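Report on the structure
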Amino acid sequence: MTRTPSRPLTARRCQSVVAYAMLTPAIVLFAIFMAAPIVYTLVLSFFTTRLNGLGLGEGGRSSIFAGLSNYARTLSDPDFGFSVGRVIVYGALLVPTMLGLALLFALLLDSPRVRGRRFARLAIFLPYAVPAVISSLLWGFLYLRGVSPFSWLADHTGLPFLDLLAPHTVLFGIINIAVWGGTGFNMIVIYTSLRAIPSDVYEAARLDGCSERAIAVRIKIPLVAPALVMTGLFSMIATLQVFAEPMMLRPLSNVIPTTWSPLMTVYRDAFTRGDLNVAAAQSILIALVTFVFSLVLLRSTSSHAFAHEAR
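Residues numbered from 1 in each chain as written. Predicted model: local features only at pLDDT ≥ 70, side-chain atom pairs only at ≥ 80, totals over all residues. Heavy atoms only, no water.

Counting residues in hydrophobic clusters, the biggest one holds 21 residues, and the most contacted among them are Tyr-90, Leu-94, Tyr-143, Leu-249 and Trp-260. Going through the elements one at a time, α3 (78-110), α5 (132-143) and α7 (170-195) are the ones with two or more residues in this core. In terms of residues, this core owes the most to one element, α7, which gives seven residues. Contact partners of Trp-260, with chain neighbours within four places excluded, come to Ser-83, Arg-86, Tyr-90, Leu-171, Ile-174, Val-242 and Pro-246. Listed in part, the 17 residues of the second largest apolar core include Ala-205, Ile-215, Ile-219 and Val-224. (Core = buried A, V, L, I, M, F, W, Y, C linked by side-chain atoms within 4.5 Å. Buried < 20%, exposed > 50% of the residue type's maximum accessible area, 1.4 Å probe, protein only. Helix = DSSP H or I, 4+ residues; strand = E, 2+ residues; numbered from the N terminus. Contact = heavy atoms within 4.5 Å.)

Printed below as a string of structure tokens:
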């Protein structure tokens, strides 16, 4: 005697089939456009191209297994090392400035005395909606002497014109673009965390005689520490991937090399020198560092959340 499945079990199976059917397009697209290129890049990083004879035609080149030689070349490449050093300095200046402004704006918008919060939130967040390529070109022409309205203003007022495309100031010009574009997003994350704090906490602090400044320093900032950690680590990860800003400013200034950032070095080796194997090794190293930062992000946010719940 055969047993017929119960209706609840059949309904659950149907729901599972529907769920997997809806997920299938996303899984297929992820496998084709994300997983497959990553696997191909990893394989490519362990090979090198050898020239046979004059190296003409398809028969003049052959791929041979190179082991870790591409990674060794990458780590010993001074251009790649200098690009990493520039990005470290870039991140050390960018992240504190951007998060400091984001925290300041979030605290000001959360203050009960502020008027026009909706307009202020939109105005601060709007630069984040501008693509990095467009914002880089916009600021690049504002930096360019003879084109910038600031240059015209300096010429007619006698004030000095700050050339942010000069060798010693171009770093600050790139940082300014990143701060202008990224502060709004981080501000929204911190502001959302502030709005999640119960109002009873503020009322109890005011009854104890705390001023708005004391509430911000002693209550708001400690309670939004997980949001600060998350935005800080995301910003650090983004600094490793800086590409659009220096790449768009490079035609406007001759002081930005083709290896200003690690991703620009990858671009040079892949599309200028045609050495895809070394570029693949560089990409894998950048991805590994990004993965480590992601792990730190998850562990830090989870530990802060657990400590907050314990209190």
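Take the layout of surface pockets next. By volume, the largest pocket is sized at about 560 Å³. Put simply, the parts of the chain that give the lining of the largest pocket at least two residues each are α3, α4 (117-129), α5, α7 and α10 (225-240). If one sorts the elements of the lining of the largest pocket by residue count, α7 sits on top with seven residues. Each residue belonging to the lining of the largest pocket can be placed in one class, and the counts come to 15 nonpolar, eight polar and one charged. (1 Å grid on protein atoms, 1.4 Å probe; cavity = no way out; pocket = protein on both sides within 12 Å on 5 of 7 lines; lining within 4 Å. Points joined across faces, edges and corners; volume = space filled by probe spheres on them. Nonpolar A, V, L, I, M, F, W, Y, C, P; charged D, E, K, R; others polar.)

Counted according to the given criterion, the structure contains eight salt bridges. Between Asp-269 and Arg-273 there is a salt bridge; the shortest N-O distance is 3.7 Å. Using a relative accessible area of 55% as the deciding quantity, one classes Arg-273 as exposed. What emerges from the salt-bridge pattern is a single network uniting Asp-77, Asp-79, Arg-268, Asp-269 and Arg-273. (Salt bridge = Lys/Arg side-chain N within 4 Å of Asp/Glu carboxyl O.)

Where nonpolar side chains cluster on the molecular surface, the patch consists of Val-28, Leu-29, Phe-30, Ile-32, Phe-33, Met-34 and Ile-38 and spans about 710 Å² of accessible area. Within the secondary structure layout, Ile-32 lies in helix α1 (residues 7-44). (Patch = residues over 30% accessible without salt bridge, like charges linked within 9 Å, V, L, I, M, F, W, Y side chains within 5 Å. Areas by Shrake-Rupley, 256 points an atom, 1.4 Å probe, with all protein chains shown as cover.)

Checked against the element boundaries, Asp-77 lands in the loop between α2 (69-76) and α3. Those residues in contact with Asp-77 that sit more than four places away from it in its chain are Arg-268 and Gln-282.

Take Leu-297: it is sitting in helix α13 (residues 276-310). For Leu-297, a relative accessible area of 7% corresponds to the buried category. The spacing of Leu-297 and Met-230 is 67 residues in sequence and 6.3 Å in space, taken between C-alpha atoms. If we ignore the near neighbours within four places in the chain, the residues touching Leu-297 are Val-229, Met-230, Leu-233 and Phe-234.

What follows deals with the confidence of the model for the chain. With 90% of its residues at a pLDDT of at least 70, the chain reaches an overall mean of 86. Looking over the chain, one finds the lowest element-wise mean pLDDT in α13, namely 77, and the highest in α7, namely 94. (pLDDT = per-residue confidence, 0-100.)

Moving on, we get to the packing of α3 against helix α12 (residues 262-272). Relative orientation and spacing of two packed helices are given, respectively, by the angle between their axes and the distance between those axes. In the contact formed by α3 and α12, the axes pass within 8 Å of each other and the chain directions differ by 150 degrees. By the criterion of interaxial angle, the relationship of α3 to α12 is roughly antiparallel. Residues Asp-79, Phe-80, Ser-83, Val-84 and Val-87 of α3 touch α12, and the partners they reach there are Pro-262, Thr-265 and Arg-268. Grouping the constituent residues of the contact of α3 with α12 by class yields four nonpolar, two polar and two charged. (Axes fitted to C-alpha atoms, helices over the stretch in contact; angles between N-to-C directions. Parallel < 35°, antiparallel > 145°, perpendicular 65-115°, else oblique.)

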